[in-house]
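# Coordinate inspection notes
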Amino acid sequence: MAPKVVDKEQKRREIAISCKDLIFEVGIRKLTVAQAAKTAGIGKGTIYEYFENKYDIIFEIINISIEEYHQEFLKVIKNVKSTKEKVYYFFKFVLDDSDENMKQFNAYKDYLSIVLSDDNQLMKKYNDTCHIFFKEQLENVINEGIKSNELIPQAKNFIDGLLVFEKGLVLQKMTQENFDVSDVCKRFIDNLFDLIEVRDDK
């Protein structure tokens, strides 16, 4: 009988998915490869056939989460008419206080604490990749708004600012007890769109 062929990428994905809740339980800093292997139901030696180290596992889990977020984002904005609403939904990660989203939000808080305190170069490099991905999604939304004559062409100059603003909201929500993230976000987007929306009197 021919040996069973293992799809390495699919196996990586399955292992990462099985370890997702483990990150929420123990945190990124305390996570060990041995714990991940036990949770996935495989030997510690076997897990190294699919991942270089614990950060490789973490990055795969984040990739899966980003992929799921992206699919949901595309599904939602398909039924949203205005660019303003699409941009507002782009901030869902920081605005959503549901239990499931807060698990991911707190895991990201743990992730940031490691990047900032340990000067982890692997994580910094991975952050660059994530930034490029999210910037492309926002560019698509803004450019579609410009193309449909909903936004002025200069609107694209605010893309980097929107990304920085989102990171600022995340940090303030993480570090302030009585920060009304929803109100601040709404007022900022309302004011921004007063500047970049095409109006009859312009």
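The coordinates are above.
Residues numbered from 1 in each chain as written. Predicted model: local features only at pLDDT ≥ 70, side-chain atom pairs only at ≥ 80, totals over all residues. Heavy atoms only, no water.

The subject of this paragraph is the pattern of salt bridges. Should the charged atoms of two oppositely charged side chains come close, the side chains can pair. For the structure on display, the rule yields 15 salt bridges. The salt bridge partner of Glu 68 is Lys 20, with a shortest N-O separation of 3.2 Å. Of the two residues, Glu 68 sits in helix H5 (residues 54-77) while Lys 20 sits in helix H2 (residues 20-26), which places them 48 residues apart along the sequence. Glu 68 sits in the partly exposed class, given a relative accessible area of 40%. A salt bridge links Glu 197 to Arg 199, with the shortest nitrogen-to-oxygen separation between them at 3.2 Å. Judged by its relative accessible area of 32%, Arg 199 is partly exposed. Through salt bridges with shared partners, one network takes in Arg 12, Asp 56 and Glu 60. (Salt bridge = Lys/Arg side-chain N within 4 Å of Asp/Glu carboxyl O. Helix = DSSP H or I, 4+ residues; strand = E, 2+ residues; numbered from the N terminus. Buried < 20%, exposed > 50% of the residue type's maximum accessible area, 1.4 Å probe, protein only.)

Our next topic: the side chain of Thr 83. By the element assignment, Thr 83 lies in helix H6 (residues 83-90). The residues touching Thr 83, leaving out its near neighbours within four places in the chain, are Val 141, Ile 142, Gly 145, Glu 150, Leu 151 and Phe 193. (Contact = heavy atoms within 4.5 Å.)

Grouped together as the largest cluster of nonpolar side chains are 31 residues, with contacts concentrated most on Val 87, Phe 91, Val 94, Leu 138 and Leu 169. Residue contributions to this core peak at seven residues, all from helix H10 (residues 159-175). Setting aside anything within four residues of it in sequence, one finds Leu 138 in contact with Val 87, Phe 90, Ile 159, Leu 162 and Leu 163. In terms of nonpolar packing, the next biggest core, distinct from the first, is built from 28 residues, Leu 22, Ile 47, Ile 57 and Val 115 among them. (Core = buried A, V, L, I, M, F, W, Y, C linked by side-chain atoms within 4.5 Å.)

Working definition: an aromatic ring pair is given by the centre-to-centre distance plus the angle between the planes. One pass over the structure, following the stated rule, counts 13 aromatic pairs. Geometrically, the ring pair formed by Phe 73 and Phe 90 is edge-to-face, given 6.2 Å between the ring centres and 75° between the ring planes. Placement of the pair is Phe 73 in helix H5 and Phe 90 in helix H6, with a sequence separation of 17 residues. The exposure classification of Phe 73 matches that of Phe 90, with both residues buried. Among the aromatic residues, those joined into a ring-pair cluster are Tyr 69, Phe 73, Tyr 89, Phe 90, Phe 91, Phe 133, Phe 134, Phe 165 and Phe 188. Positioned above the aromatic ring of Phe 105, the side-chain terminus of Lys 173 is 4.9 Å from the ring centre. (Phe/Tyr/Trp six-rings, centres within 6.5 Å; stacked < 30°, edge-to-face > 60°. Lys NZ or Arg CZ within 6 Å of the ring centre and 35° of its normal.)

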